[in-house]
Amino acid sequence: MTGFFKQEVSGEIAIDQNGLPGDAVLNQKYHGGVDQAICLEGEISLDWWRQELDMPLPPGSFGENLVIGGLDNSLLAIGDRLVVNGIALEITAPREPCSTFAAALGQPHLVSRYRRAARPGAYARVLGGGTVRQGDEVSFIPFAGERRTLASLMQTETRSLSEAEIETLLLLPLAARLRNSLETRKAALD
């Protein structure tokens, strides 16, 4: 069982701190929660994947809740905000590929290809709530502190980070899952 399979919807859609009401998140160890309430993809990145995989990717193909037109995932950093209709989506972690993701697309080597491509989707927490609809304008507000892109985080081998590097990352508004992983690694270095 999985909550991976999504379908395009139209009309007004509610978003709250837990994401989209009614959206199924079955593996809550790695997905969902208030720090990963929304899984989003940029349309530019999805177009790139359509060419790379040579297959159609209708909305929801990557298990995403939201697709942002004109967005290239490789440019997103932890703490960046995307604002639509007064709802701020704060980027908290790169979307990690898994075997369900690869199996759903019929691409057995997709997990390693996705990591190498450095175009991860993004998890975001919802600051505020409200409704959105297809075609709404989205504003981008870059993180004001030290920028760490999702692509660089995805390609970072946690075991190779120094204590100072971990401390710098822990200053960012990370998802709890990512924060806990870094704190565990830091404790192992002490």
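Here we summarise the structure given alongside this text.

Each value, and the rule that gives it
- Residues numbered from 1 in each chain as written.
- Predicted model: local features only at pLDDT ≥ 70, side-chain atom pairs only at ≥ 80, totals over all residues.
- Heavy atoms only, no water.
- Buried < 20%, exposed > 50% of the residue type's maximum accessible area, 1.4 Å probe, protein only.
- Helix = DSSP H or I, 4+ residues; strand = E, 2+ residues; numbered from the N terminus.
- Arc of directions from axis to C-beta.
- Contact = heavy atoms within 4.5 Å.
- Phe/Tyr/Trp six-rings, centres within 6.5 Å; stacked < 30°, edge-to-face > 60°.
- Lys NZ or Arg CZ within 6 Å of the ring centre and 35° of its normal.
- Pairing = 2+ DSSP bridges.
- Salt bridge = Lys/Arg side-chain N within 4 Å of Asp/Glu carboxyl O.
- Core = buried A, V, L, I, M, F, W, Y, C linked by side-chain atoms within 4.5 Å.
- Axes fitted to C-alpha atoms, helices over the stretch in contact; angles between N-to-C directions.
- Polar contact = N/O pair within 3.5 Å; in protein donor to acceptor, adjacent residues only side chain to side chain.
- Lys, Arg positive; Asp, Glu negative; His and termini not counted.

**Remarks on helix α1 (residues 43-53)**
Restricting attention to buried positions, one finds in α1 the residues Ser45, Leu46, Trp49 and Leu53. Down the axis of α1, the buried set is contained in an arc of 100°. They therefore lie on one face. Taken together, the buried residues of α1 touch β2 (38-42), β3 (66-68) and α3 (110-117).

**Describing the packing of aromatic side chains**
Under the counting rule described, the total for this entry stands at 6 aromatic pairs. A ring pair is formed by Phe62 and Phe101, whose centres lie 4.9 Å apart and whose planes are at 85°; its orientation type is edge-to-face. One end of the pair, Phe62, is in the loop between α1 and β3; the other, Phe101, is in helix α2 (residues 99-105), with 39 residues separating them in the sequence. Put simply, the rings of Trp48, Trp49, Phe62, Phe101 and Tyr114 pair up and form one aromatic cluster. A cation over an aromatic ring shows up here: Arg95 above the ring of Phe101, its NZ or CZ 4.2 Å from the ring centre.

**Topic: the pairing of strand β6 (residues 122-127)**
Along β6, 5 of the 6 residues are buried, which leaves the element largely enclosed by surrounding structure. Where β2 and β6 come together, 3 bridges link them in antiparallel fashion. By the bridge assignment for β6, Leu40 is matched with Ala122.

**Quick look at the pattern of salt bridges**
For the coordinates displayed, the defined rule picks out 10 salt bridges. Here Asp35 and Arg125 are joined by a salt bridge, their closest N and O atoms 3.0 Å apart. Remark: Arg125 occurs in strand β6 and Asp35 occurs in the loop between β1 (13-15) and β2; sequence separation between them is 90 residues. Each member of the pair, Asp35 as well as Arg125, carries the same accessibility label: buried.

**Some words on the environment of Pro97**
Note on placement: Pro97 falls in the loop between β5 (87-94) and α2. Judged by relative accessible area, Pro97 falls into the buried class, the value being 10%. As a C-alpha pair, Pro97 and Ser112 span 15 residues in sequence and 8.3 Å in three-dimensional space. Non-local contacts of Pro97, meaning those with residues more than four positions away in its chain, are made with Val111, Tyr114, Arg115 and Met154.

**Considerations on the nonpolar core**
Most often, soluble globular proteins have nonpolar side chains that are buried together. Counting residues in hydrophobic clusters, the biggest one holds 32 residues, and the most contacted among them are Ile38, Leu40, Leu89, Ile91 and Leu182. Elements represented by at least two residues in this core include exactly β2, β3, β4 (81-84), β5, β6, α4 (150-155), α5 (163-169) and α6 (176-189). Leave out the neighbours within four places in its chain, and Ile91 touches Leu40, Leu76, Ala77, Ile78, Gly79, Asp80, Leu82, Ala122, Tyr123, Ala124, Leu150 and Pro173.

**Some details on the sheet that holds β2**
With mixed pairing, 6 strands are arranged side by side in an open sheet as β3-β2-β6-β5-β4-β8. Taken across any chain shown, the strands that pair with only one partner, and hence form the sheet edges, are β3 and β8 (139-141). With direction set aside, neighbouring strand axes in the sheet form an average angle of 35°. Pairing between β4 and β8: 3 bridges, direction antiparallel. The partner of Val83 across the bridge, within β8, is Ser139.

**Some remarks on the side chain of Ser61**
Tracing the sequence through the fold places Ser61 in the loop between α1 and β3. In this structure the side chain of Ser61 is engaged in a polar contact, spanning 2.6 Å, whose partner is the backbone oxygen of Pro58.

**Let's talk about the side chain of Glu41**
Structurally, Glu41 can be placed in strand β2. Despite its burial, Glu41 remains without a salt bridge, the nearest opposite charge being carried by Arg95 at 4.1 Å. Those residues in contact with Glu41, other than ones at most four positions away along the chain, are Leu46, Phe62, Glu64, Leu66, Val67, Ile68, Asn73, Arg95, Tyr114 and Gly121.

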